[in-house]
Amino acid sequence: MNQDNIYDAIIVGARCAGSPTAMLLARKGYRVLLLDRATFPSDIMSGHLIHPSGVALLKRWGLLDKVAASNCPPIRQVKFDFGPASFVGHGPSIDGVSDCYGVRRKYLDKILVDAATEAGAELREGFSVQEILMDGDRVTGIRGRMKNGQVVTEKARIVIGADGINSLVARSVKAATYNERPSLTGCYYSYWSNFPMECGEVYIRDGRFISTEPTNDGLTQLFVQFPYHEFQEFRKDIEGNFLKTLELTPDLAKLASNAQRQEPFVGTSNNINFFRKAFGNGWALVGDARYHRDPLTAQGITNSFQDAQVLADAIDTAFSGYQPLEVTLAGYELQRDAEVMPIYDLTCQLAALEPLPPFMLQLLNALCNNPTDASQFFGIVGGAVSASEFYAPENIQRILGTAENKRSPILSA
């Protein structure tokens, strides 16, 4: 391999942030090298939900039909149950899309990797990146090991870290973190057969969060979260504690008693919350390498898709000569921060798993009787509605006033 052969971009990490970035750049005619230590298809610890804003990007990229063909049913409604009351609905459509999908990563990531290579990106699977190369303070490339053990060096105009929360790229460039918050929850999940689900379901109980969603091959994923400090105790009897948690929702417990778990439990307490500096001299970060949040609101895959689109556009603008790269990458960072910070804050608030305050009980109760505003609430998590606009005092007053006029009972704390 010719070390003088310069790529336009080298992307470290080929899953749901790296492969779309590679695909989009390759479709614009850039020479892209996509690297991952995994081979595909393969699974990874992850939730699966893709919100409508992410599904809309799959449609825009021409990949939605492949996702739909992966034997994964669309999720057309979500049930939100906080104990005293519940409501079912979906958010506003985005580019004609209002469905969610809960695609398993062994299917989704393969679809994304194939799309990148079909666009012209060069993929090296089973490749271990060992070093990020620097010339002074500028990143110039990578050094790594092929599957056959051969050590190679490759150079690029930009190196993109799509390598997750423990990003080698981020560590190598000492990317600054900000707005950090510690892990607030631990979680476990697995898959059940004979567990019929027509929609996604979310349950909030005292100190517990439960979600379910249909996924590929007729299976249902059940996902349980609990306070971080309980992780070590929970893991002593994962199955017993998991099933005990389901007993907080009798309907789920009944379904579980007739269902069969098909795979081992998977879990973690490493649900840290942070932002990292998104770019520097010759490098950029995308997806979980750039920004990570508690899995409770299931933002990871959708945010990775959104990052990929904005970052690829920023790089293309610079490489086309319209603006300097540092200017377009600064725009990428500012745009994405503005878009995700409100839902990041909401996610961290919910992940505290504390009893809902009276204000939130009043609001949720009001939404139970107001399908239009309930749709807006679903749209916050789904990416169609701005959290800051929804929670603006005048909007909240309007929602509560509507409920009062309908004489809807207001719940007490």
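Look above for the structure.
Residues numbered from 1 in each chain as written. Predicted model: local features only at pLDDT ≥ 70, side-chain atom pairs only at ≥ 80, totals over all residues. Heavy atoms only, no water.

Attention now goes to the sheet that holds strand β7 (residues 100-102). Spatially, β3-β7-β4 is the arrangement adopted by the three strands of the open sheet, whose pairing is antiparallel. The outermost strands of the open sheet, each flanked by one partner alone, are β3 (49-50) and β4 (74-75). As paired elements, β3 and β7 share two bridges and run antiparallel to each other. Counted as the bridge partner of I50 is Y101 from β7. (Pairing = 2+ DSSP bridges. Helix = DSSP H or I, 4+ residues; strand = E, 2+ residues; numbered from the N terminus.)

Structurally, R290 is set in the loop between β21 (283-285) and β22 (291-292). Judged by its relative accessible area of 1%, R290 falls in the buried class. Discounting residues that sit within four places of it in the chain, R290 has contacts with Y178, F274, F275, R276, A278, L285, D307, Y332, E333, R336 and D337. (Buried < 20%, exposed > 50% of the residue type's maximum accessible area, 1.4 Å probe, protein only. Contact = heavy atoms within 4.5 Å.)

Now for helix α12 (residues 371-382). In a regular helix each residue adds 1.5 Å, so twelve residues correspond to 16 Å; α12 covers 16 Å between its end C-alpha atoms and thus fits that length. Taken together, the buried positions of α12 are occupied by D373, A374, S375, F377, F378, G379, I380 and G382. A positive phi of about 95° marks G383, the residue just after α12. (Expected span 1.5 Å × (residues − 1).)

By the definition in use, this model includes 24 salt bridges. In this structure, R15 engages D109 in a salt bridge whose closest nitrogen and oxygen atoms are separated by 2.7 Å. Residue R15 is found in the loop between β1 (6-12) and α1 (18-27), and its partner D109 is found in helix α4 (residues 105-119); the two are separated by 94 residues along the sequence. On the accessibility criterion, R15 (12% relative accessible area) is buried. The salt bridge involving E154 is made with R124; its shortest N-O contact spans 2.9 Å. A residue pair is termed long-range when its members are at least 10 positions apart, and E154 in strand β11 (residues 151-161) and R124 in strand β8 (residues 122-124) qualify at 30 residues. The same class applies to E154 and to R124, which are both buried. One network of salt bridges, in which partners are shared, links R15, R105 and D109. (Salt bridge = Lys/Arg side-chain N within 4 Å of Asp/Glu carboxyl O.)

What follows is about the sheet that holds strand β12 (residues 177-181). Read across the sheet, three strands follow the order β12-β19-β22 without closing on themselves; strand pairing throughout is antiparallel. Looking at which strands have only one partner, the edges of the open sheet turn out to be β12 and β22. In this sheet, β22 lies alongside strand β19 (residues 273-276) in antiparallel orientation, the contact comprising two bridges. Bridge assignment links F274 to a residue of β22, and that residue is H292. Packing of helix α10 (residues 325-351) onto the sheet brings it into contact with β12, β19 and β22, and relative to β12 it is tilted by some 10°. (Axes fitted to C-alpha atoms, helices over the stretch in contact; angles between N-to-C directions.)

Of all seven residues making up β1, six are buried, and the element is well covered by its neighbours. In the sheet, β1 pairs with strand β2 (residues 32-35) via four bridges, with the strands oriented parallel. Across the sheet, I10 pairs through a bridge with L33, a residue of β2. For the crossover from β1 across α1 to β2, the handedness is right-handed. (Right-handed = clockwise from strand over helix to strand, strands pointing away.)

Now for the nonpolar core. Among the nonpolar cores identified, the biggest contains 56 residues, and L58, I158, I160 and F305 are the most heavily contacted of them. It is helix α9 (residues 300-319) that provides the largest number of residues to this core, a total of ten residues. Residue contacts for F305: discarding those within four places in its chain leaves C16, P20, I50, G54, L57, L58, W61, L108 and L112. In terms of nonpolar packing, the next biggest core, distinct from the first, is built from 31 residues, C348, L363, L364 and I396 among them. (Core = buried A, V, L, I, M, F, W, Y, C linked by side-chain atoms within 4.5 Å.)

What follows deals with the state of the cysteines. By definition, a disulfide links the sulfur atoms of two cysteines through a covalent bond. This structure, assessed with the given rule, holds zero disulfides. This cysteine, C72, is not joined by any disulfide, and C100 carries the nearest cysteine sulfur, 11 Å off. Note on C100: no disulfide assigned, nearest cysteine sulfur contributed by C199 at a separation of 10 Å. (Disulfide = S-S within 2.5 Å.)

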